[in-house]
Structures are given as structure tokens and as C-alpha cells.
Amino acid sequence: MKITPVILSGGSGTRLWPLSTAERPKQFLPLTADDTMFQLTVARTGDPVRFAPPIVVANGRHADMVESQLAEMAAALGTLILEPSARNTAPAIALAALEAGGGDQLLLVMPSDHAIADPDAFRTAVSEAAPVAEEGWLVTFGIRPSGPETGYGYIEMNDVPLGGSGLAAVRRFVEKPDEASAEEMLRLGGFVWNAGIFLMRADRYLAALETYEPGITAAVRAAHKGAAREGKRLLPDADAFAASASISVDYAVMERSDTV
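Residues numbered from 1 in each chain as written. Predicted model: local features only at pLDDT ≥ 70, side-chain atom pairs only at ≥ 80, totals over all residues. Heavy atoms only, no water.

## A few points about the packing of aromatic side chains
How two aromatic rings sit relative to each other is given by the distance of their centres and the angle of their planes. With the rule as written, the count across this model stands at 3 aromatic pairs. Centroid distance Phe-28 to Phe-38: 5.6 Å. Interplanar angle 50 degrees. Geometry classified as tilted. Note that Phe-28 is positioned in the loop between strand S1 (4-9) and helix H1 (37-44) and Phe-38 in helix H1, a separation of 10 residues in sequence. By relative accessible area, Phe-28 is classed as buried at 0%. Taking 6.5 Å as the distance between ring centres and 50 degrees as the angle between the ring planes, the aromatic pair formed by Phe-122 and Phe-141 counts as tilted. You can see Phe-122 sitting in helix H4 (residues 119-134) and its partner Phe-141 sitting in strand S5 (residues 139-143), a full 19 residues away along the chain. Among the residues examined, Phe-141 registers a relative accessible area of 11% and is labelled buried. (Phe/Tyr/Trp six-rings, centres within 6.5 Å; stacked < 30°, edge-to-face > 60°. Helix = DSSP H or I, 4+ residues; strand = E, 2+ residues; numbered from the N terminus. Buried < 20%, exposed > 50% of the residue type's maximum accessible area, 1.4 Å probe, protein only.)

Okay, here's the thing in C-alpha cells:
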């Protein structure tokens, strides 16, 4: 089964203003290469043998920009989901999971503004994680710390491996620490930076969200059921989607589940 990339592109890039603007946020800018951050994200999963065309979740005002940047790189598109309002990542991923069919399809959820210097290593990590995700685990990816950064969240890994290279159950998530706490975590070992990238089955994510945030699940299901379609664009029902709480996937699911 091919993995379906889910590219989250609804952010407004406020921390990079004024270079980033509401009309052209940072993911649509060429910051680290000739291609934009969004295009680089798409290219990481461009192998049609391993990956299905991506589902992109974006702000409605950026629809033309998403399509034009995909066209520039001759990249296929699965569905472009245009959020009628900003409700953070948990509802956005739920929309994508429903659009993917809501079954055992593997979703590779990626922000659209990451800089990854070694895309081959990234794809290798995805391949190593796929069997565990197929079993039902919600896989989150970590980055080996290069220093006691206080601007990132951390993940503490269990000592017992799940199999494969670097795979372990998550013991806990740690919010952005002060410098002393960050230094202590690096001294102890077993901690990685939280990348905010996930690999999981659509049905397992929806089931976890239903367990911890049933109101979000109901609102998103109604929004998807009442959506309008314009070609490959999906326009969720605005009123139904607005009824969803605004919460990140970390708070809604990852920090609560015991199968991460």
C-alpha cells in the first residue's frame, strides 16, 4: 500500500513577519533553496512507487498559490482541503484522514515549512516506521538534539525498542524547557526534539481522536460530509468546522495515547 502524504499548510508564518505575510506565508517562500519550503516538502514524497499524491490542507486564500507551485514542479495532487477557519492541527489531520477513506491507509503528516537537509535519511526513517504504523501505532518522529535548545518541545523515549532502528515507545512529551532542564535532558540521554511529523493509519488516528476529543470528531465528520467539491478542491462545511475546538494534534491525541 502506498503512503499518503498529508501536508499541513495552513499556518501564517507570523514568526517570520514581515518577510512572511498573511498573503504569502513562509512555506511559500524560497528560504533554503530555489524551491519554496512547500515545494521541498512535496518533493520529499515525490516517488510515485512509494507515495500516493498528497492531500494538502491549506487556508482558502492560498488555494491558487498551492496549485501554481505544484504545477511549477509538475507534481500530482490528491485533494486540496481548504479550511474555512483555523482550527489547528488535530481537526486538520482528521479532515485528511476522512478524505483518505478513514481506513487502514497510512498517512505521513508533515508541516510544510521544515528544512530537512538529508531527504534520503528522512525517507529511510519513514520506511523503518511503516511496519509499526501498520500495526496500529501512532508514530511521531524525533530529531537528535545538537544542543540544549529551549525553543523546541522534547520527547522522552522508552528504553525498550519496538524493533527496527531507533523505534521506541514514547514515555512522555516535554514542553519547551528552560536551559537548565534542556541541559539535564541531554545529559540523561533518551530525549529527542519533537519534529511534529507523524506516520499513522487513518482509522487509528480517528479512533484516538474520538476517544479523547469526541466533539472534534463529530464536527469534522459533519464538515467533511457537508463539503463542496470543485475539481480537486474540497471545501468543508464552514459552520460545522467552526464548531470544532481549536487544538493541536499533540495536545488532542499524542500526549494522551499509550500507543505512540
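And the narrative resumes.
## Side note on the pairing of strand S2 (residues 55-59)
Of all 5 residues in S2, 4 are buried, a share of seventy percent or more. Of the strand pairs in this sheet, S1 and S2 are connected by 4 bridges, and their pairing is parallel. By the bridge assignment for S2, Ile-7 is matched with Val-56. In this sheet, strand S3 (residues 79-83) lies alongside S2 in parallel orientation, the contact comprising 5 bridges. The residue bridging Ile-55 from the neighbouring strand is Thr-79, located in S3. Remark: the S2/helix H2 (residues 63-72)/S3 crossover connection has right-handed handedness. (Pairing = 2+ DSSP bridges. Right-handed = clockwise from strand over helix to strand, strands pointing away.)

## Quick look at the pattern of salt bridges
Counted according to the given criterion, the structure contains 10 salt bridges. For the salt bridge of Arg-123 with Asp-120, the shortest nitrogen-to-oxygen distance reads 2.7 Å. In this pair, Arg-123 and Asp-120 both sit in helix H4, 3 residues apart, roughly one turn of the helix. With relative accessibility at 18%, the residue Arg-123 sits in the buried group. Arg-171 is the salt-bridge partner of Glu-156, the closest N and O atoms lying 3.3 Å from each other. Residue Glu-156 is found in strand S6 (residues 154-161), and its partner Arg-171 is found in strand S7 (residues 168-174); the two are separated by 15 residues along the sequence. (Salt bridge = Lys/Arg side-chain N within 4 Å of Asp/Glu carboxyl O.)

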